[in-house]
Amino acid sequence: MTGVNILLIGDVVGSRAGTSSKKALPRVFKKHDIEYCVANVENAAGGFGVTKEVCDEILDPAVSTA
């Protein structure tokens, strides 16, 4: 039986959390062989929702392959 490694992130609030996540996630993905990630980013734009720019930055493929 094989499993799937999924990382669940409860909430990303503000730019500081987004920056920290972008730096840490590639190492976490590699170390734990993460295959899927689900993150609540509804407050990623400084606690006031999520903007297109913030969403584009979060979904930047360069981040997930670093």
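Just so it is clear, the structure is predicted and the values come from calculations on it, not from any experiment.

> Can you break down the overall build of the protein chain residue by residue, with the values?
Counting its secondary structure elements, the protein chain contains three helices and two strands. For the protein chain, the N- to C-terminal ordering of α and β elements is β-α-β-α-α. Expressed as a percentage of its 66 residues, the buried residues of the protein chain come to 14%. Expressed as a percentage of contacts within the protein chain between residues at least 6 apart in sequence, the contacts between residues at least 24 apart total 66%. Roughly 5,100 Å² of accessible area belongs to the protein chain as shown, and the carbon and sulfur atoms make up 59% of that amount.

> Residue-level account of the environment of Gly 10, with values.
Along the polypeptide, Gly 10 turns up in the loop between strand E1 (6–9) and helix H1 (14–32). Overall, Gly 10 belongs to the exposed group, its relative accessible area being 60%. For the pair formed by Gly 10 and Val 41, sequence separation is 31 residues and the distance between their alpha carbons is 8.6 Å.

> Any details on a nonpolar patch on the surface? Residues and values, ideally.
A contiguous nonpolar surface patch, about 530 Å² in accessible area, is contributed by Val 4, Ile 6, Leu 8, Tyr 36 and Val 38. Looking at the nonpolar patch, the elements that each hand over two or more residues are E1 and strand E2 (36–39). Inspection of the secondary structure assignment puts Val 38 in strand E2.

> Quick one: what's the story with the environment of Ala 45, residue by residue and with numbers?
Relative to the elements of secondary structure, Ala 45 occurs in the loop between E2 and helix H2 (52–58). Residue contacts for Ala 45: discarding those within four places in its chain leaves Val 50, Thr 51 and Val 54.

> For the confidence of the model for the protein chain, give the residues involved together with the corresponding values.
Per-residue confidence for the protein chain averages 79 on the pLDDT scale, and 85% of its residues sit at or above 70. By mean pLDDT, helix H3 (residues 61–64) is the weakest element of the protein chain at 53, and E1 is the strongest at 90.

> Summarise unusual backbone geometry; cite the residues concerned and give the values.
Phi at Asp 33 takes a positive value of approximately 50°, unusual for a residue other than glycine. Mapped onto the secondary structure, Asp 33 falls in the loop between H1 and E2.

> I'd like a description of the environment of His 32, backed by residues and values.
When you line up the elements, His 32 lands in helix H1. Taking the C-alpha atoms as reference, His 32 lies 9.3 Å from Ile 6; in sequence the two are 26 residues apart.

Reading the values: rules and limits
- Residues numbered from 1 in each chain as written.
- Predicted model: local features only at pLDDT ≥ 70, side-chain atom pairs only at ≥ 80, totals over all residues.
- Heavy atoms only, no water.
- Helix = DSSP H or I, 4+ residues; strand = E, 2+ residues; numbered from the N terminus.
- Buried < 20%, exposed > 50% of the residue type's maximum accessible area, 1.4 Å probe, protein only.
- Contact = heavy atoms within 4.5 Å.
- Areas by Shrake-Rupley, 256 points an atom, 1.4 Å probe, with all protein chains shown as cover.
- Patch = residues over 30% accessible without salt bridge, like charges linked within 9 Å, V, L, I, M, F, W, Y side chains within 5 Å.
- Salt bridge = Lys/Arg side-chain N within 4 Å of Asp/Glu carboxyl O.
- pLDDT = per-residue confidence, 0-100.

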